[in-house]
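Examination of the molecular architecture
Listed below, chain by chain, are the residues.
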Amino acid sequence: MAKHSTVKGTYGPGTFTDAAYTPLPAECRRLLKYFAESTPGFTTDDAALSSVEFHGGDLPIIPGPLKSQAMSAVCQAMIGIVGKEICSLRGFDTGNISVDVDKSGLYPATPALVSVDGKGLADMEKDGTLLKVGKDLDKGVLTKNDMHYRSWSIYPTKDPHVWYQIMGNLHPADFLRAYGLDPTAKTSSREEAYNIIKAEMVKYSAAELEQKNMEHGFCGQTCYTPEQWRQTTMGQRLAGHPVVNYSRKSETPDLPPVPFPKSDDKRPLAGIKVIELARVIAGPAMGAALAALGADVIKVQCPDLPDLQPLSASLTAGKRTYGLDLSKEADREELHSLMADADVIIQAFRLRSLERKGFGLDDLLAKANKRGKGIVYIDLNCYGPDGYYAERPGFQQIADAASGCSYVCGKAYGFDEGVSVLPSLPIADMLSGAVGVIDTMLALRDRAKFGGSYHATVALTSVDAVQLEEDVGLYPPEIVKKIQDKYKFAPMTPDLHVEELLFILGESWMKNSDLLGRDGYMASFSSPWGKNHSILAPIVKYENDAASPHWNHGPVPYCSSKSVAWA
């Protein structure tokens, strides 16, 4: 492939900006070829890559310099290509693959693109619609008050030009108390809460915040420049792994090939059995995509651990949701029983955290040997499979800070040196979900052809860092301005929560484009919440439409199944 021409340093140390702008569909074609060549196990056959048609507008719909929309479209194309290979193994052809680049730009906004009987997500949160059915795992964990809400923000430190992403996780009260802050403090606004927390954060250097958070088991991350991240030992360790990172495990060498199940359902993964052990966005997004591809997905979650309630209205589509408390022996035994027949396990808690409960990678490999059938085990985390940060907790915002994405966005929006701002959507989360789907499909393809068991690690920070590589490139300031002039997004600042940023983009898209009203962009269902429940529809379209991803049913509340058995 010809070297990508870039200009260095436009958005600070370690950044590479395109020397010339390429319209979005053509840029997606270039990046598909690049990622095909750099992804072990993925086809580089020109005919397969040429089977994808990228279509849509030339200008991105997402603000800022990151090529997240192109990355989204390329991930969808890769899913489509592997799905086409799987369908060929099943004995039929999908025909060509269509990927709408505008709809791909909406994909990272999936959690907010929800309506029920004409009410948007913000209205449903305000009027309690989301709490009328199912189990409330949220309990206002973030929305309880302004202090809780602003425990997920970026703050200055006592180091000049160094900002830090704090994360109260799903336990903001504990986080705030560790810094001597009152989590119940009465404030008149989120701005006041931000300033109260800021007054405490600026007492610490970034290194001191890192140490304190690690000692307490909290999330947190210095907002590095891209160059600083690449110079860290952890950044170098993670860069040694491909973004799509799956491999056959030597512990199950003699397990035979497992053909894909026979089914009248033409979707690529029809009959594949998946257990999702995940909260918040990335893992659930992966599970929802696998369900759209035909898999039978059971989301297992503890009925006593918090999860963000709004996400139940979008990221549970096509799944069954089942409550099991793994601190109880009977519930552990029930999960063991489900896993006995599972093809895929999604584990999106901290790396190796499920080993203590008997559900780690080695446990499942032993189970695969015992049953004589290989398994695919997906570890989805923040920092990757190894290195000194690997077992540290993290969310999308942490990956944005570590990789340099937040720093680059702050720079592109014209802030002073070091001021960092989250990317405008949960891009690392949603793209990691898509990368996990690619891993899973490649592993299932190889299991069908060669046998064995497979392990993959999906790292949020890896998905972020690759967007800052020279071979990918960033949009130059004139393109960033052109996007802003077209959509007129409200200001994005370091204090804003990802939910607020989602609503900023949604409002601008609604006012300044027809994106949210286009035919075929939304899928509608009757759900427990209402008669007309709409969410963003799957992106991949096959020429043989029977194989195209779709959900058999809409979203369902958390822990809503009384019992489960494989279909």
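Here, every reference points to the structure presented above.
Residues numbered from 1 in each chain as written. Predicted model: local features only at pLDDT ≥ 70, side-chain atom pairs only at ≥ 80, totals over all residues. Heavy atoms only, no water.

Some details on the sheet that holds strand β19 (residues 541-542)
Ordered by their spatial adjacency, three strands build an open sheet running β3-β4-β19, and the pairing between neighbours is mixed. Of all strands in the sheet, those with a lone pairing partner are β3 (52-55) and β19, marking the two edges. Examined bridge by bridge, strand β4 (residues 97-100) and β19 share two bridges and lie antiparallel to one another. The residue of β19 that forms the bridge with I97 is Y542. Against the sheet, helix α3 (residues 68-89) makes contact with β3, β4 and β19, and its axis sits at roughly 165° relative to β4, the strand it touches most. (Pairing = 2+ DSSP bridges. Helix = DSSP H or I, 4+ residues; strand = E, 2+ residues; numbered from the N terminus. Contact = heavy atoms within 4.5 Å. Axes fitted to C-alpha atoms, helices over the stretch in contact; angles between N-to-C directions.)

Section: the packing of α3 against helix α17 (residues 427-450)
One can describe the packing of α3 onto α17 by two numbers: an axis separation of 10 Å at closest approach and a directional angle of 20°. In terms of orientation, α3 and α17 fall into the roughly parallel class. Crossing angle aside, the handedness with which α3 passes α17 is left-handed. Every residue of α17 that contacts α3 at S68, M71, S72, C75, Q76, M78, I79, V82, G83, E85, I86 and L89 is listed here: I427, L431, A434, V435, V437, I438, M441, L442, R445, A448 and K449. A class-by-class count of the residues in the contact of α3 with α17 yields 16 nonpolar, four polar and three charged. (Parallel < 35°, antiparallel > 145°, perpendicular 65-115°, else oblique. Left-handed = near helix turned anticlockwise from the far one by under 90°. Nonpolar A, V, L, I, M, F, W, Y, C, P; charged D, E, K, R; others polar.)

Regarding helix α13 (residues 329-339)
Turning to α13, its buried residues are D331, L335, L338 and M339. Down the axis of α13, the buried side of the element spans an arc of 95°, and every buried residue falls inside it. Summarising the contacts, the buried residues of α13 are in contact with β11 (273-277), β12 (296-301), β14 (344-347) and α14 (361-371). (Buried < 20%, exposed > 50% of the residue type's maximum accessible area, 1.4 Å probe, protein only. Arc of directions from axis to C-beta.)

Points about a negative patch on the surface
On the surface, E251, E355, D362 and D363 cluster together into a negatively charged patch. Positionally, E251 belongs in the loop between β10 (246-248) and β11. Judged by relative accessible area, which is 37%, E251 ranks as partly exposed. (Patch = residues over 30% accessible without salt bridge, like charges linked within 9 Å, V, L, I, M, F, W, Y side chains within 5 Å. Areas by Shrake-Rupley, 256 points an atom, 1.4 Å probe, with all protein chains shown as cover. Salt bridge = Lys/Arg side-chain N within 4 Å of Asp/Glu carboxyl O. Lys, Arg positive; Asp, Glu negative; His and termini not counted. Charge placed at Lys NZ, Arg CZ, Asp CG, Glu CD.)

Quick notes on the pairing of β12
The buried count for β12 comes to six of six residues, which makes it a mostly enclosed element. Note: β11 against β12, four bridges, orientation parallel. When the sheet's bridge partners are listed, V274 is paired in β12 with V297. With helix α12 (residues 282-292) bridging β11 and its parallel neighbour β12, the resulting β-α-β unit is right-handed. (Right-handed = clockwise from strand over helix to strand, strands pointing away.)

A word on the side chain of D307
If you trace the backbone, D307 turns up in the loop between β12 and β13 (319-323). Sequence-distant contacts of D307, that is, excluding residues within four places in its chain, are made with L137, D138, L170, A278, R279, V280, K299, Q301 and Y558.

As for helix α9 (residues 206-216)
Those residues of α9 that sit buried are A206, L209, E210, K212 and N213. Buried residues along α9 sit against β8 (163-167), α7 (172-178), α8 (190-201) and β9 (219-222). G217 lies just past α9 and shows a positive phi near 75°.

A word on the nonpolar core
Counting residues in each nonpolar core, the largest one holds 172 residues, and the members touching the most others are L32, F35, F54, L269, L290 and W509. Of all the elements, α17 adds the most residues to this core, at 13 residues. Among all residues touching L290, those that are not within four sequence positions of it are L269, V274, A295, V297, I346, V437 and T440. With 23 residues, the next largest nonpolar core counts V300, L354, L364 and I375 among its residues. (Core = buried A, V, L, I, M, F, W, Y, C linked by side-chain atoms within 4.5 Å.)

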